[in-house]
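Chain by chain, the residues run as shown.
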Amino acid sequence: MSFDAIVIGSGFGGAITACRLAEAGYKVLILERGRRWDKTTYPRRAEDPWIWSHDCPERENGWIDLRVFDHISVAQGAAVGGGSLIYANISCEAPPHVFEVSTWPQEITHAEVHERPAGAGQSMDQADGVDEGSRREDWEGRSLQKA
């Protein structure tokens, strides 16, 4: 069996790339490290299989691969659908002081990011039904300032 393109990962980027290539007539193979979840197997309770482990994926093959480092934690998908499986409520807007840190690239400023067309959050009405002040306090106070 032969393919014109092999796409690694079935999350947002991989799925869109594979779709566009297939629409253009290419024969595409998508490789994904995790399993397929459906409404009957998707984790919902604390004892359900949430976590993915590179050390023992045969036993720990949940849909979230959580990497914890000294100054940042990364949640990434490990299943068919990739990061789209875990995208809800893990993205937040960076406040101006984040862009002032000396290790941040000088070319990327808060003003530069915010003068672009509406981002995904605005186009999806992310603030509907949410108290904007408490959300910012919760996330900025605990998450971004620690990063």
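Below is a summary of the structure that appears in this document. (Residues numbered from 1 in each chain as written. Predicted model: local features only at pLDDT ≥ 70, side-chain atom pairs only at ≥ 80, totals over all residues. Heavy atoms only, no water.)

Let us now look at the overall build of the protein. For the protein, the helix and strand inventory stands at four helices and four strands. Element order for the protein, N to C, with α for helix and β for strand: β-α-β-β-β-α-α-α. A total of 147 residues make up the protein; the buried ones form 21% of that total. Considering only contacts within the protein whose residues lie at least 6 apart along the sequence, 37% involve residues at least 24 apart. Total accessible area on the protein stands at roughly 10900 Å², and carbon and sulfur atoms take up 54% of it. (Helix = DSSP H or I, 4+ residues; strand = E, 2+ residues; numbered from the N terminus. Buried < 20%, exposed > 50% of the residue type's maximum accessible area, 1.4 Å probe, protein only. Contact = heavy atoms within 4.5 Å. Areas by Shrake-Rupley, 256 points an atom, 1.4 Å probe, with all protein chains shown as cover.)

Where strand S3 (residues 64-68) and strand S4 (residues 73-77) come together, five bridges link them in antiparallel fashion. Bridge assignment links Val 68 to a residue of S4, and that residue is Ser 73. Joining the antiparallel neighbours S3 and S4 is a turn of four residues. (Pairing = 2+ DSSP bridges.)

Let's shift gears to the environment of Ala 18. Mapped onto the fold, Ala 18 is located in helix H1 (residues 12-23). Taking relative accessible area as the criterion, Ala 18 reaches 6% and is therefore assigned buried. Here the alpha-carbon distance between Ala 18 and Leu 29, two residues eleven residues apart in the chain, equals 7.8 Å. With sequence-adjacent residues up to four places away left out, Ala 18 is seen in contact with Val 7, Val 28 and Ile 30.

Inspection of the entire model under this criterion finds five salt bridges. Between Arg 67 and Asp 65 there is a salt bridge whose closest N-O contact spans 2.8 Å. Salt bridges sharing partners connect three or more residues here, namely Arg 33, Asp 65 and Arg 67. (Salt bridge = Lys/Arg side-chain N within 4 Å of Asp/Glu carboxyl O.)

It is worth spelling out the packing of aromatic side chains at this point. Going through the model one piece at a time under the given rule, you end up with four aromatic pairs. Grouped by ring-pair contacts, the aromatic residues Trp 37, Tyr 42, Trp 50 and Trp 63 constitute a single cluster. Directly above the ring of Phe 3 sits Lys 27, whose terminal nitrogen or CZ lies 5.7 Å from the centroid. (Phe/Tyr/Trp six-rings, centres within 6.5 Å; stacked < 30°, edge-to-face > 60°. Lys NZ or Arg CZ within 6 Å of the ring centre and 35° of its normal.)

Here Ser 10 shows up in the loop between strand S1 (5-8) and H1. Take Ser 10: its relative accessible area is 13%, and that puts it in the buried class. Here Glu 32 takes part through its side chain, which lies 2.7 Å from a polar atom of the side chain of Ser 10. A polar contact of 2.7 Å, which involves the side chain of Ser 10, links it to the backbone nitrogen of Gly 81. Other than its neighbours up to four places away in sequence, Ser 10 contacts Ala 15, Ile 30, Glu 32, Ala 79, Val 80, Gly 81 and Gly 82. (Polar contact = N/O pair within 3.5 Å; in protein donor to acceptor, adjacent residues only side chain to side chain.)

Core analysis: the biggest nonpolar cluster contains five residues, these being Trp 37, Trp 63, Ile 64, Ala 79 and Ile 86. For Ala 79, the residues in contact, after removing those within four places along its chain, are Ser 10, Glu 32, Gly 34, Arg 35, Trp 37, Trp 63 and Leu 85. (Core = buried A, V, L, I, M, F, W, Y, C linked by side-chain atoms within 4.5 Å.)

Below, the discussion takes up the pairing of strand S2 (residues 28-31). Of the pairings in the sheet, the one linking S1 to S2 comprises four bridges and is parallel in character. Residue pairing for S2: Ala 5 is matched across the bridge by Val 28. For the crossover that starts at S1, traverses H1 and ends in the parallel S2, the hand is right-handed. (Right-handed = clockwise from strand over helix to strand, strands pointing away.)

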